[in-house]
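# Understanding the architecture of this molecule
Okay, here's what each chain looks like letter by letter:
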Amino acid sequence: MIIEFVGADTEAAGKSIAALTASWGYPPEPAPTAEPATNPDTKGVDPVAVTSLLVSIPSAMLAVADIADRIRKRRRASELIERAQQLSAQQATVRLVCEDRSVDLAALTPDQLLDLVADEPSAT
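Our subject in this report is the structure included herewith. What you see is a predicted model; the values in this text were computed from it and never measured.

Analysis parameters
Residues numbered from 1 in each chain as written. Predicted model: local features only at pLDDT ≥ 70, side-chain atom pairs only at ≥ 80, totals over all residues. Heavy atoms only, no water. Helix = DSSP H or I, 4+ residues; strand = E, 2+ residues; numbered from the N terminus. Buried < 20%, exposed > 50% of the residue type's maximum accessible area, 1.4 Å probe, protein only. Contact = heavy atoms within 4.5 Å. Areas by Shrake-Rupley, 256 points an atom, 1.4 Å probe, with all protein chains shown as cover. Salt bridge = Lys/Arg side-chain N within 4 Å of Asp/Glu carboxyl O. Axes fitted to C-alpha atoms, helices over the stretch in contact; angles between N-to-C directions. Parallel < 35°, antiparallel > 145°, perpendicular 65-115°, else oblique. Nonpolar A, V, L, I, M, F, W, Y, C, P; charged D, E, K, R; others polar. Expected span 1.5 Å × (residues − 1). Bend = angle between axes of the 7 residues up to and from the residue. Arc of directions from axis to C-beta. Core = buried A, V, L, I, M, F, W, Y, C linked by side-chain atoms within 4.5 Å.

## Comments concerning the overall build of the protein chain
For the protein chain, the helix and strand inventory stands at three helices and two strands. Ordered by position from N to C terminus, the α and β elements of the protein chain give α-α-β-β-α. Here the protein chain holds 124 residues, and the buried ones make up 13% of them. Taking the contacts inside the protein chain whose residues are at least 6 apart along the sequence as the reference set, 44% of them involve residues at least 24 apart. Put simply, the protein chain shows about 9,900 Å² of open surface, and 57% of that area lies on carbon and sulfur atoms.

## Examining the pattern of salt bridges
Evaluation of the coordinates by the stated rule reveals five salt bridges. Of the charged contacts in the structure, one is a salt bridge between lysine 73 and aspartate 69, with a shortest N-O distance of 3.2 Å. Taken together, the residues span about one helical turn, with lysine 73 and aspartate 69 both in helix α2 (residues 47–89) at a distance of four residues. Under the relative-accessibility criterion, lysine 73 is labelled partly exposed at 39%.

## Details of the packing of α2 against helix α3 (residues 110–119)
Interhelical geometry of α2 versus α3 gives an angle of 110° and a closest axis separation of 8 Å. Taken as axis vectors, α2 and α3 run roughly perpendicular relative to one another. Each of Arg70, Lys73, Arg74, Ala77, Ser78, Leu80 and Ile81 in α2 lies in contact with α3, whose residues at this interface are Pro110, Asp111, Leu113, Leu114 and Asp115. Here the residues of the contact of α2 with α3 sort into six nonpolar, one polar and five charged.

## Some details on α2
With 43 residues, α2 should reach 63 Å at 1.5 Å per residue; the first-to-last C-alpha distance of 63 Å fits that figure. The largest bend along α2 reaches roughly 25° and is located at isoleucine 57, with the proline proline 58 sitting one to four residues downstream. By the burial criterion, the buried members of α2 are Ile57, Ala77, Ile81 and Ala84. Buried residues along α2 sit against α3. Phi turns positive, to about 70°, at glutamine 91, one or two residues after α2.

## Observations regarding α3
The complete set of buried residues in α3 reads Pro110, Leu113, Leu114 and Leu116. Around the axis of α3, the buried residues are gathered within 160° of arc, so they sit on the same side. Relative to its buried face, α3 has exposed residues pointing more than 90 degrees away, namely Ala118 and Asp119.

## Notes on the nonpolar core
If you look at the biggest cluster of nonpolar residues, it comprises 11 residues: Ala77, Ile81, Ala84, Cys98, Val103, Leu105, Ala106, Leu108, Leu113, Leu114 and Leu116. Elements that contribute at least two residues to this core include exactly α2 and α3.

What follows is the structure, given as structure tokens:
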């Protein structure tokens, strides 16, 4: 993605955005400078479009972080269910005790287990 700064204090704006993206783990890479357009028909950057792009970046990053967290938790849930299935083969039942019911852990899918845990009021 390329972000271009146009206006009076472009250096300060560039430093501000660079600090923000660096805090996300994306250090800026300067783009090669080009000759300014001298053609009057050349369109500039729409400041509203640039602003909306910058506003949408944090929500997109949050969505990616949520997906990564879900994948990590799903892997752990799968390992827990596999262990419950192994114990079930050895005549031991592993149950998940919820507030209103109890569920056989070996019979759940990873997504069902994560949904059950998320529905618990004490889950954080």
